[in-house]
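Close look at the chain arrangement
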Amino acid sequence: MKHVSKQIMAVLMAFVVLCTTMSFTVNMHYCGDTLLDYALVQKAKSCGMELSTPGENAGCDLQIVKKSCCQDKSVTAKGHDDLKPSFTSIDLEQQVFITSFFYSYAALFTPQTVTPKAYTNYTPPLLFRDVQTLDEVYLI
């Protein structure tokens, strides 16, 4: 049971690291105040109601520019990219701490010597009378 819980903790920690380092962008297309389409990988599809800008050779000098009701929005979530710790400058105190920590932690896993029990060769005393029968105590 203890081994399974360690595996579950390892999977959870890997999942947390994956979620915190992952970056993604959500592209959304709004028509007015209504969300019409969203996409995670590609650009959101348009509804086709955007106003096209007239070309330079439209023939009219006076153009009325109308504001489009459609708009595209993008929301980006940046992940962390500083997971690799830098051990280039460890001072003497940190080296002593790390060394003593690993030495004391490794001492927990050294095999313990078991001393034999002193009473293993001891024989119990002889019974002069059967106390359970005298007191009429019986196991049921």
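A few points on the structure. Treat the numbers as computed from the prediction; the structure is a model and nothing was measured. In every chain, residue numbers begin from 1 and rise along the written sequence. In keeping with the model being predicted, local features are shown solely for residues with a pLDDT of at least 70 and side-chain atom pairs are shown and tallied solely at 80 or more, while totals for entire chains, interfaces and linings include all residues. To obtain the side-chain values, all non-hydrogen atoms of the structure were included, while hydrogens and water were left out.

1. Brief notes about the sheet that holds strand β3 (residues 70-77)
- Across the sheet, which stays open at both edges, the three strands sit in the order β2-β1-β3 with antiparallel pairing between neighbours. The sheet terminates laterally at β2 (34-39) and β3, the two strands that pair on one side only. The mean angle between the axes of side-by-side strands here comes to 25°, regardless of whether they run parallel or antiparallel.
- We treat two strands as partners when DSSP finds at least two bridges between them. A run of H or I in DSSP counts as a helix once it spans at least four residues, and a run of E counts as a strand once it spans at least two, with each numbered from the N terminus. When strand β1 (residues 24-31) meets β3, the two strands line up antiparallel, connected through eight bridges. Residue pairing across strands places F24 opposite A77, the latter belonging to β3. Every angle, taken between N-to-C directions, lies between 0 and 180 degrees, and every axis is a line fitted to C-alpha atoms, over only the stretch in contact when it is a helix.

2. Here's the deal with the packing of aromatic side chains
- In summary, the pairing rule links any two rings of Phe, Tyr or Trp, Trp by its six-membered ring, whose centres are within 6.5 Å, and it sorts them by plane angle into stacked for under 30 degrees, edge-to-face for over 60 and tilted for everything else. Evaluation of the coordinates by the stated rule reveals three aromatic pairs.
- Measuring from ring centre to ring centre gives 5.6 Å for F101 and F102, while their planes differ by 70°; the resulting arrangement is edge-to-face.
- Whether a residue is buried, partly exposed or exposed follows from its accessible area with a 1.4 Å probe, protein chains only, as a fraction of its type maximum: under 20%, in between, or over 50%, in that order. For F101, a relative accessible area of 42% corresponds to the partly exposed category.
- Since its relative accessible area comes to 52%, F102 is described here as exposed.
- A ring pair is formed by F101 and Y105, whose centres lie 6.1 Å apart and whose planes are at 10°; its orientation type is stacked. Taken together, the residues F101 and Y105, both in helix α2 (residues 92-107) and four residues apart, mark about one turn of the helix.
- Put simply, the rings of F97, F101, F102 and Y105 pair up and form one aromatic cluster.

3. Structural notes on the pairing of β1
- Among the eight residues that make up β1, six are buried, leaving the element largely enclosed by the rest of the structure.
- In terms of strand pairing, β1 meets β2 through five bridges, oriented antiparallel. The residue of β2 that forms the bridge with C31 is T34.
- Linking two consecutive strands that pair antiparallel, namely β1 and β2, is a turn of two residues; a positive phi of about 75° is found at G32 within it.

4. A short note on unusual backbone geometry
- Of note, E136 is a non-glycine position whose phi angle comes to about 55°, a positive value.
- Along the polypeptide, E136 turns up in the segment after α3 (131-134).
- The class of E136 is exposed, set by a relative accessible area of 60%.

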